[in-house]
Amino acid sequence: MKINEIDKLLLLSQSGELSARNRKRLELMLAADPSARKKAEELDNLRDVWQQATADTPFPSPSVLQGIRQAAAVEARKRDMPALIWFRLPAVGFAAAAAAALIALGASLTLTLWSPNAAPPTRVVVVDPVDLQIEAALEAIDTSMLALLDVPTDDALPGNDS
Amino acid sequence: MVNSTDSEAIERYRQGDAEALSELVECYRRPLFGFILRMTRKNEDAEDIFQEVWLKAIHNLPRYRDNRFLSWLFRIAHNLVIDRVRRRKPEVYMDDEDTTERLAYHASQENHSPVAALQEQDMHGRIRTAVGLLPANQREVFLMRMEADLPFKDIARIQKTSINTALARMSYALDKLRKTLAEDYAQL
């Protein structure tokens, strides 16, 4: 791909990446070439026009933003969390609800979600199987919450396959 | 694109303030989502990728050392869009060929010529359609400049190419838009 010199300088000028020396060169070129001046004006105006043309860009849906906020909260809490738990969940789509439920619990836990029907990890939280303190963590969770999460028996937890 | 507000928010997030991340999402959702939407052309795909970008960012923020946060987000988005294209080739083009194939594709999808479609729209609609018809590599450079004001140095890095190629892609994109939108361009 090739680009002529004045187009290159105009683009770099607009993006604020032009050296002082090249700025001088561009000024000389613009002074000598009316069509280049017209191009420079077009370029200056194009961004405004594009922004107006796309002013109706839809925002991501509230559920997407909520999912991001939840994931951020889980990760932020992870900094000082003592335990990790793996849950075998029936479907990936269930993961966000499970994460929200655990956050609501306020327990000092990091949830690691894994769907048997999809290649781990799922999208909500990072899989990190290091130093699982499963027993201690399970005790910290209300057993009714385990039922809500549809968590199978202990033998479904990673490391208990035998 | 060095932004002290970004750095502060990132540091607050690293200290465990989850709200700081929401501020970053809010600040950049328009350029980032606009870019992804116009690269994928499908709202559902755009929402998926937008979410995925932030999940990857959240996961990697503790190790993030760059000072160009928006460029970093776009780099993640660029990679995810490519992944999506590889999985669903018929729906999005990432080739760098002429627009003929794309025009034919749109004509077959919409059952009437894209030229006619352009004529039916107002100026803003025509610009959106014309940008959508650009080859993907050129469209990507155009969007990164117009939506996010990324410097060409960063765009080149994201596209894993030279700065001259990134500049040439932008120049070709502008030439095509100038031809497609001759009357509108006269008003600029």
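Above this text is the structure in question.
Cut-off values and rules
Along every chain, residues carry numbers that run from 1 in the direction the sequence is written. Chain letters start at A and ligand numbers start at 1, both assigned in the order the entries are written. In keeping with the predicted nature of the model, local features appear solely for residues at pLDDT of at least 70, side-chain atom pairs appear and are counted solely at 80 or more, and the whole-chain, interface and lining totals rest on all residues. An axis is simply a line fitted to the C-alpha atoms; with a helix, the fit covers only the stretch in contact. Between two such axes, the angle follows the N-to-C directions and lies from 0 to 180 degrees. The secondary structure listing takes helices from DSSP runs of H or I that are at least 4 residues long and strands from runs of E that are at least 2 residues long, numbered from the N terminus. Roughly parallel refers to an angle under 35 degrees, roughly antiparallel to one over 145, roughly perpendicular to one between 65 and 115, and oblique to any angle outside these ranges. Two residues qualify as a contact pair if the distance between their C-beta atoms, derived from the backbone, is within 7 Å. Residue polarity follows a fixed list, in which Ala, Val, Leu, Ile, Met, Phe, Trp, Tyr, Cys and Pro are nonpolar, Asp, Glu, Lys and Arg are charged, and the others, Gly among them, are polar. Here, a nonpolar core means buried Ala, Val, Leu, Ile, Met, Phe, Trp, Tyr and Cys residues linked by C-beta atoms lying within 7 Å of one another. The burial label depends on the number of other C-beta atoms within 10 Å of a residue's C-beta. Counts of 20 or more mean buried, 12 or fewer mean exposed, and intermediate counts mean partly exposed, with C-beta atoms placed from the backbone. By definition, turning the near helix anticlockwise from the far helix through less than a right angle yields a left-handed crossing, and turning it clockwise yields a right-handed one.

A.B. asks: Before we move on, could you go through the packing of helix H1 (residues 5-14) of chain A against helix H10 (residues 163-180) of chain B and cite the residues and values that matter?
C.D. replies: Look at H1 of chain A against H10 of chain B: their axes get within 10 Å of each other, and the N-to-C directions meet at 100°. Overall, the two elements H1 of chain A and H10 of chain B adopt an arrangement that is roughly perpendicular. On H10 of chain B, the residues touching Asp-7, Lys-8 and Leu-11 of chain A of H1 of chain A are Leu-167, Met-170 and Ser-171 of chain B. Taken together, the residues that form the contact of H1 of chain A with H10 of chain B break down as three nonpolar, one polar and two charged.

A.B. asks: Lay out the interface of chain A and chain B with the relevant residues and their values.
C.D. replies: Facing the 37 residues of chain A at the interface are 38 residues of chain B. Of all the elements in the fold, those that place two or more residues in the side of chain A that touches chain B are H1, helix H3 (34-53) and helix H4 (62-78) of chain A. At 10 residues, H4 of chain A tops the list of elements feeding residues into the side of chain A that touches chain B. In terms of residue class, the side of chain A that touches chain B is built from 19 nonpolar, eight polar and 10 charged.

A.B. asks: Can you explain the nonpolar core? Please cite residues and give values.
C.D. replies: One broad trend across soluble globular proteins is that nonpolar side chains are buried collectively. Residue and element names in this part refer to chain B. One finds Phe-35, Ile-36, Val-53, Leu-73, Phe-74 and Ala-77 to be the most contacted residues of the largest nonpolar core, which totals 65 residues. With nine residues, helix H2 (residues 18-40) is the single largest residue contributor to this core. Once you skip the residues sitting within four places of it in the chain, Val-53 turns out to touch Leu-32, Leu-73, Ile-76, Ala-77 and Leu-80.

A.B. asks: Provide a residue-level description of unusual backbone geometry, including the pertinent values.
C.D. replies: All names here are of chain B. Not every positive phi belongs to a glycine, and Asp-149 is a case in point at roughly 60°. Looking at the secondary structure, you find Asp-149 in the loop between helix H8 (136-148) and helix H9 (152-158). With a phi angle near 55°, Lys-160 is a residue other than glycine that sits in the positive phi range. Position of Lys-160 relative to the elements: it lies in the loop between H9 and H10.

A.B. asks: Give me the packing of H2 of chain B against helix H3 (residues 43-60) of chain B: which residues, what numbers.
C.D. replies: All names here are of chain B. Between H2 and H3, the least distance of the axes is 9 Å, while the angle of their chain directions is 140°. The angle between H2 and H3 places the two elements in the oblique class. The element H2 and its partner H3 pack so that their crossing is right-handed. Between H2, through Leu-21, Val-25, Leu-32, Phe-33, Ile-36, Leu-37 and Thr-40, and H3, the contact on the second element is made entirely by Asn-43, Asp-45, Ala-46, Ile-49, Phe-50, Val-53, Trp-54 and Ile-58.

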